[in-house]
Structure formats: structure tokens, C-alpha cells
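Observations on the model geometry
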Amino acid sequence: MKIGIYFCNCGSNIAEKISSSTVAEAAGSFPEQPYVKNVDFICSEEGKLQFEGSLKSEQPDRVVVAACSPRDHEATFRRCLTNAGMNPYLMQIVNIREQIAWVTEDPAVATEKAIAAIRGAVCRVRLQQPLEKKQLEVCPDALVIGAGPAGMKAALSLAEAGRSVVLVERTPFIGGLPVRFEDLFPALECAPCMLEPLMGELLHGEHPGKIELITMAELMEVTGFYGNFIAKIRCRPRHVSLHECIGCGECIEACPATTMNEFNSNASERKAIDFAFTGVLPNAPFLMENVCVRSHGVECRACKDACPMGEDVVNLEEAEMVVERTIGSIIIATGAGLYDASRVAGLGMGTLPDVYDAMQFERMLSSTGPTGGEILTAAGNSPSSVAIIHCVGSLDEDHKPYCSGICCQYAFKFNHLISSKLPDVSITHYYRELVMPGKEAHTLLRHAAANEKSTLKRYAAISDLAVTCADGGTLQVCAQGENSAADMVILCPAVVPAEGGDALSALLDVSCDQFGFFRELHGRTDAAQSVIKGIYLAGACQEPMDIRSAMLEGMGAVGHTLAGLQPGRTIEIEPITAEVDENHCAGCRLCLSVCPYHAITFNTEQNSSHVNAILCHGCGTCVAACPAGAITGHHFTNEQIMAEIEGVLQ
Amino acid sequence: MMTEEVFEPKIIGFLCNWCSYAGADKAGGMQASYPPNVKVIRVMCSGRVDPQFVLSAFEKGADGVIILACHPGDCHYKEGNCRALQRHGMLNLMLEQLGIEKERCRLDYVSAGEGEKFSRVIGETVETVRRLGPLLLASE
């Protein structure tokens, strides 16, 4: 076997400490009899040409490059091998600059250390095998879970890029949480006005054929892997055809059954067949089966008969349906919700009238909400004093230790909106910490501070606060021993992951953090990727965030999708992966438990594990774990590593 | 008068590619010398370090072994360093049975930014193994 050693002087960086002639002399005594070439700067344009030229004329079987760290130029030198017609994995780099020349005082000692390292590399490289990147056909289309700001933005952008998108939404409508709000921080922009163009574009825009919206639906099962997922989606019956309904509401008038409307925080009634709230998109009601009188055996078809669009719009017999779609990647955009404020003791949530959480108050402010936008107490009066309690369950080790980041901003938005609707109301903010990041939010704080009727009070712990109500009288907020009357109390609870995250996490094998938010591949460098290849994260499902960030996150996930999967192009699979020898696998399945990427599956028929090379990241943990030695870590095999150990120790 | 020759131990260092190998490169960038006794074997993850590599290193003449991993929670492969830690615990028991002092096999964490820590850990390890003296295996 012909082995070539290329020794880079790196100017004086290496040459000044390590004697190339002594190295060449020592190499001459290696059993492999490698040839040694000296290059001045092997990474320079000239050096690379010299290297490639020499590879072409010498035609070695294996190559050792003694130069700088492989973290600098491994890819560069692999390309040189490719250019010279060699398999790029037949090379081993010895880091004689960062790890020897620069850190060893005595040149003789440095030279000796370099010779040992080069001997190890020669022993190792002999056993290295040519490896090939594999190519795989992929489906460029995507599944987006959740039609809130992040999911809508992602779906639209993908459609613009010509990709087909399946957009699955759990509720009967799109727009997520903010579509239920009237005004948004920081600029008090009208939420429906801001979102409607986006929603309209999604439903009837230029790329309607590209987006398949499935409302009232959930992911049921996903099989396959990056580039080729198959998703099963369970669709609950709406009983109203989205394509044919014109949203006139005749069926609603006719419906005899009523219930409380969860989309108005149960503060108003709705019919069994009704809109979630006025103005929702898609503009079609949905029938709540459990509320409909038919569920009690009453033969009723009032809604169906009332429909002016014919027999086929309302379908009382519609049943649950499961659809199957093939996609290449998945974007999770399931959003967030609010922590149940009744779990924070002493604040009266759920027990005292006129104590509302932020979502209930948003609905009260909304012109499509239960009071039509009027701020009214349960008794129907305008309040003369309002208390807004920040950090309810946030920054609190007993509840959620993190700051939810957005609450102060909407709390001061509330201040602004209350004082513009009811200028005489006095408003007291109770806060633990004030967090108003960014370039715009400060205006809301300044406005509240300038409002003579506003007071800001800081508390140390939520247990220092108590909301009480004596004998049906006015609410009292007791803060650090001092009582203040309040006709209405608004709580700003911690932002928590939306319901259903656990099930989705289990279904997709995408892990969640201790708070139930989806875990990023890396919190800073890969925050839009989940730990599973091809499954991306967008919006508040990964941490509390505002609409701006959620939309940007949506675009981040789109970036990954577009960059990773392109129509007509295959994906390359890195060859440095693990592979199970099925004949030697004992079937203990230890490898399945140590693989961080769920890349290993078990075939019960063959009684053998199998590594999916697409999902494998090549860490080699399973290789080290396999008691049968049945797993090979390509390019880092046991034999290669053992040979290197033996070589450096000779 | 004869001066006693200082024992220069041979040590194998398993460095994970993403943190500790980068930490070693960082130490290089700082150009501060440390003892030359550690021969580095690069692996992608400390989780790749098979206990038989360590045993083989001792068998082939190493007086000490050091496994350097990413800090807990920082592993490039999420939890490979936890596996390394588990295996190190197991190795300690095995080494004891073989009559090899467990101090000869150290596990530590070095991040990509911790050049200084890398030099310090190498220095300490060399000192520890030097104090223990050459490894004499029963078969020798």
C-alpha cells in the first residue's frame, strides 16, 4: 500500500518547531515506507495545486496530511483528493500546528511528538475505506401544524416558493390567538386588520391550489423520515362544507340548542351550529355534535333546512375522517396558551367575579367579544378602578421560573385601551419585574407613566398579593399589607405551551424541555430546527414570543425547508454514519436506547437493529454501546481507532 | 552526583470533535506551552469512546488516559457525554479489578472556548500520572 505524507511548513508556524527532515527520516523507517513531501502552505492556492499535482503523479493509496487542525481544512484537503481523482475519505489529517508546534516549547520534543502522531495516522489511514455520499429522492412539500401567525406565514411563503403545503389547524378557524384580539402591542394596531390580508391570501390568494387547509384536524401518525414522511391526519367533522358555505348565518338563526362559547372564554352563548366568533375565517360555522339536539335523539334538521345554498352544505351525517399525505418536512407551529391563573393562590381567579385573565380581557376588549368591546363588570357597570397584576405564575419557582416576555407589553396596552375607553378609571399595575424590550415597547410604558390615573407598584413575591371580596362588596387588592379597592382585576399569567404538545411530541419523537416547549436542535445556532431532521419549529411552541418573532420564526423554518429539499434534487447523505451488521446483531436493542436521534429501528422479523443513515448524525455512541460489536462507525471504526492508539504509543 | 531522570508518562487523550478538540485548538491559538505527553485521538463524540479503547491504550503502553467531553448539556449530539460519563464510572470499576489505579483514567469537560482549561487539565493529568509512575501490568 502506497502512503503519501504531506508535511506543511505553514511558513514558520510549523517549521520553526518541527523538523521536517527528522520527520521524513523517521517516516522512512515505518514499515509502510511512506513517501514524504514538503509543502510550504498547503492550504494556499499554490499549495493546493502542488498537492493535487503530486497526488496525480504519485497516485498513493492513502494520504496523511500533517498540517493545521482538521477543523480548519479537512474539507479543503478532501476536495483536493477528489480533484486528484481519489476518494476523499482516504486521508487522515495530523494536527501538528495547534496541538503540537504552538504548544510545545522544545523543538526536539515537538518533533518527537509529531512523529508519534504521524505514525498513528499512518497506521489508521491504512485501514480507512473509500466512502460515498448516497443520494436520495425527496418530496419537497411540507406539512405545517398550526395556523397561527408562525404557521400561516410559513405556509404562505412555502406556497410562494411553489411548494405544496398541508396546513393542519386544530380549531375551526385560522389566525391563532391574536385573531381573537382587538388591538396589538406595541403600536395598538388593529389585529384583524393586520391579519386579514394574510388570512385572505392564504384562503383565496394567488397560490390557493398550493395550500391545503384542513381545520378541526390533528396529526394522528407520522411514519418515514426526512424527505419522505407520511402523515395521517384525523379530521373532526365540521358538518358544514367549507367550499360551499357563504357564511350567511341562516342556519345559526334556526338552531334551537345553545351552549357557552369557549372562544369567548365562555363569557357568551353560542348556538350548536355557529361561528367561533364574528368575522372568523374560514367564514363558515361549525356544528358542535355534543350540543346539537340530535345528540339527545331529537330529530332536528333546522340548520340544514335553513341553508339557502341547498341540501349539500350542511351535512348532519358527516363522520370523522382520516387523510394521508406525503411530505418531505414538517413545521411545528402549535403556539402557546396561558397558565391557569387559578393555580396561583389568593388571586381570586375562578372564584371571585370580575377577576379575569388576559385572554378573557382581550375578548372583552374585542368588538367581536361577549360585550362587543365594552369594559363592563359582571354586574354590567363601568369600572372606576382596575388592577392589573403582572408576572402571575412567571418568574416564580413554584409555577414557571421564566419571564414570559410579552406580558408587560400587553398589560400596558390594556392600560392604554382602558384609559381611552374610560378616561376616569384609575389603573394600578402590580409587577414583580418590568420587561419592555425592543425599540417600540417603551412608548406604552411612557404612556402609562404619563397617565395621572395610573400607579405602578412593585411587589416582591406573588404571595405578598391577595385579592379579596367581602360580602359581595368591591374587590380589594391587598399588596404588602396595603388595601386598594378595584372593580376589576386583570391577571397576566405565564405563557405556556399550547395544549396537545405532549401528544405531538410523543408522536413525532421531538422532545420537549422541562416546561413543555419544543426543544431546539441548538438554542442559538439552530433554534428553528427540532432534534429530528426535517422537523422544524416556529413560533411560541418553542418559547413565549410575540407576533413579530413568531412570523420571523415561521420564515426561519421555511428557510430550512427550502434549503434542504428542492424539487428535482436529491439529498446527500453523509457517509460518516453507523451501520449494523445484521448477522452479528444479538437483538438486545441497547443501541435504540442510546441513539439521540431515534435513527435506529428494530426489525423483529430479522431480530436485528437497523440504522437509518438519513437520521444518523455519526456520533458513534451506538457503536461504543453495542455489546456484540455488530455496529460499524464508518470512518471511525474500532480497528481504525485501535490502530491509531497503537501507532501513537509505539 | 546522579540526577534522577524525570518519568515522562505516555498518555492517550480522547477528544470529542466539537468541544474539547476545539478547546485544544484554542489552547494552540493561545500559544502557551503545556506538557507534550498527551497523544490525541480525535473522535466525533465522547460517546464514541469504547471502554475497550481505554483498556487497549493501557495494554499498548499508555500510563494514563484522559477522555475530554463537552460540558453536560452542551453535547453536540445532545447526550453522548452522558454516555461517556456512565462508561467512565464502569471503567473505574473494571480498572480497579485489573489493578490499575482509577486516577490513571480521567474524564473531564472542556468547551471550545476553554483553551486555558485544556492546558491546565493536561498539566494536572500529566502530573497525576507522573506521580503514580509507570503502569506495570501483571502480564509484564
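Residues numbered from 1 in each chain as written. Chains lettered and ligands numbered in written order. Predicted model: local features only at pLDDT ≥ 70, side-chain atom pairs only at ≥ 80, totals over all residues. Heavy atoms only, no water.

1. Focus: the overall build of chain B
This is how it is decided: Comment: elements are numbered from the N terminus, with helices defined as DSSP H or I runs of at least four residues and strands as E runs of at least two. What the globule rule says is 2.2 Å times the number of residues to the power 0.38, and the radius of gyration is computed from C-alpha atoms.
Along the backbone of chain B there are four helices and four strands. Ordered by position from the N terminus, the helices and strands of chain B form the series β-α-β-α-β-α-β-α. The C-alpha atoms of chain B give 15 Å as radius of gyration, which agrees with the globular expectation for 140 residues (14 Å, within 12%). C-alpha atoms of chain B, sized along the principal axes, occupy 50 × 35 × 20 Å.

2. Digging into the side chain of S394(A)
Residue and element names in this part refer to chain A. Cut-off, in case you're wondering: In protein, a polar contact requires one atom able to donate a hydrogen and another able to accept it; more generally it is a pair of N or O atoms within 3.5 Å, and residues adjacent in sequence count only if both atoms are side-chain atoms. We call two residues in contact when some of their heavy atoms are within 4.5 Å.
Mapped onto the elements of the fold, S394 is located in the loop between β21 (385–392) and α11 (407–421). Polar side-chain contacts of S394 include one of 2.9 Å to the side chain of S404. Among all residues touching S394, those that are not within four sequence positions of it are K400, Y402, S404 and A494.

3. Points about α11(A)
Residues and elements named next belong to chain A. The condition is simple: Here the expected length of a helix is defined as 1.5 Å per residue gap, with one fewer gap than residues. The cut-offs for exposure are 20% and 50% of the maximum accessible area for each residue type, with area from a 1.4 Å probe on protein chains only; residues under the lower value are buried, those over the upper are exposed, and the others partly exposed.
Across its 15 residues, α11 extends 21 Å between first and last C-alpha, which sits within 8% of the 21 Å expected from 1.5 Å per residue. The buried count for α11 comes to 12 of 15 residues, which makes it a mostly enclosed element. For α11, the set of buried residues is C407, C408, Q409, Y410, A411, F412, K413, F414, N415, L417, I418 and S419.

4. Describing the packing of helix α5 (residues 107–125) of chain A against helix α17 (residues 638–649) of chain A
Residue and element names in this part refer to chain A. Inclusion rule: To get an axis, a line is fitted to the C-alpha atoms, and for a helix only the part in contact is used. The angle between two axes follows their N-to-C directions and goes from 0 to 180 degrees. Orientation labels follow simple angle bins: below 35 degrees gives roughly parallel, above 145 gives roughly antiparallel, 65 to 115 gives roughly perpendicular, and whatever is left gives oblique. Left-handed describes a crossing in which the near helix is turned anticlockwise from the far one by less than a right angle; the clockwise case is right-handed. Residues were grouped as follows: Ala, Val, Leu, Ile, Met, Phe, Trp, Tyr, Cys and Pro as nonpolar; Asp, Glu, Lys and Arg as charged; and all remaining residues, including Gly, as polar.
Between α5 and α17, whose axes approach to 7 Å, the crossing angle comes to 150°. The angle between the axes of α5 and α17 places the two elements in the roughly antiparallel class. Relative to α17, the crossing made by α5 is right-handed. Facing α5, whose interface residues are A116, A117, R119, G120, C123 and R124, α17 presents Q640, I641, A643, E644, G647 and V648. Looking at side-chain class alone, the contact of α5 with α17 contains six nonpolar, three polar and three charged residues.

5. Overview of the packing of aromatic side chains
Residue and element names in this part refer to chain A. As a reminder, the rule being used: Only the six-membered ring of Trp is used, alongside the rings of Phe and Tyr, when aromatic pairs are assigned; centres must lie within 6.5 Å, and planes under 30 degrees apart are stacked while those over 60 apart are edge-to-face, with the rest tilted. Here, over-ring charges are defined by two tests on the NZ atom of lysine or the CZ atom of arginine: distance to the ring centre within 6 Å, and angle to the ring normal within 35 degrees.
Applying the stated criterion across every chain, the model contains 13 aromatic pairs over all chains. Where Y6 meets F51, the ring centres are 4.8 Å apart and the plane angle is 65°; that geometry is what we call edge-to-face. In this pair, Y6 sits in strand β1 (residues 3–8) while F51 sits in helix α3 (residues 45–58), placing the two residues 45 residues apart along the sequence. Overall, the relative accessible area of 1% leaves Y6 in the buried class. Chaining the aromatic ring pairs together yields one cluster made of Y6, Y35, F51 and F77. Taking NZ or CZ as reference, R270 lies 4.3 Å from the ring centre of F286, over its face.

6. What about the packing of α17(A) against helix α2 (residues 51–59) of chain B?
One can describe the packing of α17(A) onto α2(B) by two numbers: an axis separation of 10 Å at closest approach and a directional angle of 25°. Considering their axes alone, α17(A) and α2(B) lie roughly parallel with respect to each other. Considering how the two elements wind past one another, α17(A) and α2(B) form a crossing that is right-handed. Across the interface between the two elements, N638(A), I641(A), M642(A), I645(A) and L649(A) from α17(A) touch Q52(B), F53(B), S56(B) and A57(B) from α2(B). Of the residues in the contact of α17(A) with α2(B), the class split is six nonpolar, three polar and no charged.

7. Observations regarding the interface of chain A and chain B
Put simply, the rule is: Put simply, buried area is how much 1.4 Å-probe accessible surface two parts lose in total, over both of them, once they are put together. One side-chain nitrogen of Lys or Arg within 4 Å of one carboxyl oxygen of Asp or Glu is enough to make a salt bridge.
In this complex, chain A contributes 38 residues to the contact, which on the side of chain B involves 43 residues. Summing the contributions of chain A and of chain B, the shared interface buries around 3,600 Å²; its carbon and sulfur component is 58%. The largest contributions to the chain A side of the interface with chain B come from R71(A), Q99(A) and L649(A), which together make up 18% of the buried area. On the surface where chain A and chain B come into contact, there are three salt bridges.

8. Considering the environment of C139(A)
Residue and element names in this part refer to chain A. Examined against the element boundaries, C139 turns out to sit in the loop between β5 (134–136) and β6 (142–145). Each C-alpha atom of the pair C139 and Q566 lies 8.2 Å from the other, and the pair is 427 residues apart in sequence. Ignoring anything within four residues of it in the chain, the contact list for C139 reads G227, N228, T326, I327, G328 and L565.

9. What about the pairing of strand β11 (residues 217–225) of chain A?
Selection criterion: By definition, two strands form a pair when at least two bridges between them are found by DSSP.
Bridge count for β11(A) against strand β12 (residues 228–235) of chain A is eight bridges, and the pairing is antiparallel. Counted as the bridge partner of F225(A) is N228(A) from β12(A).

10. Quick notes on empty space enclosed by the protein
Inclusion rule: Throughout, the protein atoms alone are placed on a 1 Å grid, and a set of points is a cavity if a 1.4 Å probe fits but cannot get out or a pocket if it is open with protein on both sides within 12 Å along at least five of seven lines; lining residues have an atom within 4 Å of a point. Grid points are joined across faces, edges and corners, and a volume is the space filled by probe spheres set on the points.
Summed over the entire model, instances satisfying the criterion amount to seven cavities of 30 Å³ or more. Taken as a whole, the largest cavity spans an internal volume of roughly 300 Å³. Forming the walls of the largest cavity are 22 residues, and the residues nearest its centre are V94(A), N95(A), A117(A), E644(A) and V40(B). Of all the elements in the fold, those that place two or more residues in the lining of the largest cavity are α4 (70–83), β4 (91–95), α5 and α17 of chain A together with β2 (38–43) of chain B. With five residues, α5(A) is the single largest residue contributor to the lining of the largest cavity.

11. What to know about the sheet that holds β1(A)
Residue and element names in this part refer to chain A. Within the open sheet, the four strands sit side by side as β2-β1-β3-β4. Their pairing is parallel. The open sheet is flanked by β2 (35–39) and β4, the only strands paired with a single partner. Sheet twist, expressed as the average angle between the axes of neighbouring strands with direction ignored, equals 20°. Note that β1 and strand β3 (residues 62–67) share five bridges and pair parallel. In the strand pairing of β3, I3 is matched with R62. This element, α4, spans β3 and β4 of the sheet and lies at about 150° to β4. Packing of α5 onto the sheet brings it into contact with β1, β3 and β4, and relative to β4 it is tilted by some 165°.

12. Some remarks on unusual backbone geometry
Residues and elements named next belong to chain A. Residue P186 is reached from F185 by a cis peptide bond, and omega for that bond is 0°. Mapped onto the elements of the fold, P186 is located in the loop between β8 (183–184) and β9 (189–190). Positive phi values are uncommon outside glycine, yet L395 reaches one of about 50°. Position of L395 among the secondary structure elements: in the loop between β21 and α11. Under the relative-accessibility criterion, L395 is labelled partly exposed at 24%.

13. Overview of the confidence of the model for chain B
Heads up, the rule is: Confidence of the prediction at every residue is given by pLDDT, a number between 0 and 100.
Confidence in the prediction of chain B, expressed as mean pLDDT, is 94, and 95% of residues score 70 or more. In the predicted complex, the global pTM is 0.78; the interface-specific ipTM is 0.97.

14. So, the nonpolar core
Residue and element names in this part refer to chain A. To be explicit about the condition: Buried Ala, Val, Leu, Ile, Met, Phe, Trp, Tyr and Cys residues that are joined via side-chain atoms within 4.5 Å together make up what is termed a nonpolar core.
Grouped together as the largest cluster of nonpolar side chains are 101 residues, with contacts concentrated most on I174, F361, I388, F414 and I418. Considering each element in turn, this core owes the most residues, eight residues, to α11. When sequence neighbours within four positions are dropped, the list of residues in contact with I418 reads F361, I375, V386, I388, V425, I427 and I490.

15. A closer look at the pattern of salt bridges
All names here are of chain A. Overall, the coordinates contain 31 salt bridges over all chains when judged by the stated rule. Between R294 and E299 there is a salt bridge, with the nearest N and O atoms lying 3.3 Å from each other. Take E299: its relative accessible area is 67%, and that puts it in the exposed class. For the salt bridge of K457 with E482, the shortest nitrogen-to-oxygen distance reads 3.2 Å. Of this pair, K457 sits in strand β23 (residues 454–458) while E482 sits in strand β26 (residues 482–486), and the two are 25 residues apart along the sequence. Its relative accessible area of 22% is what places K457 among the partly exposed residues.

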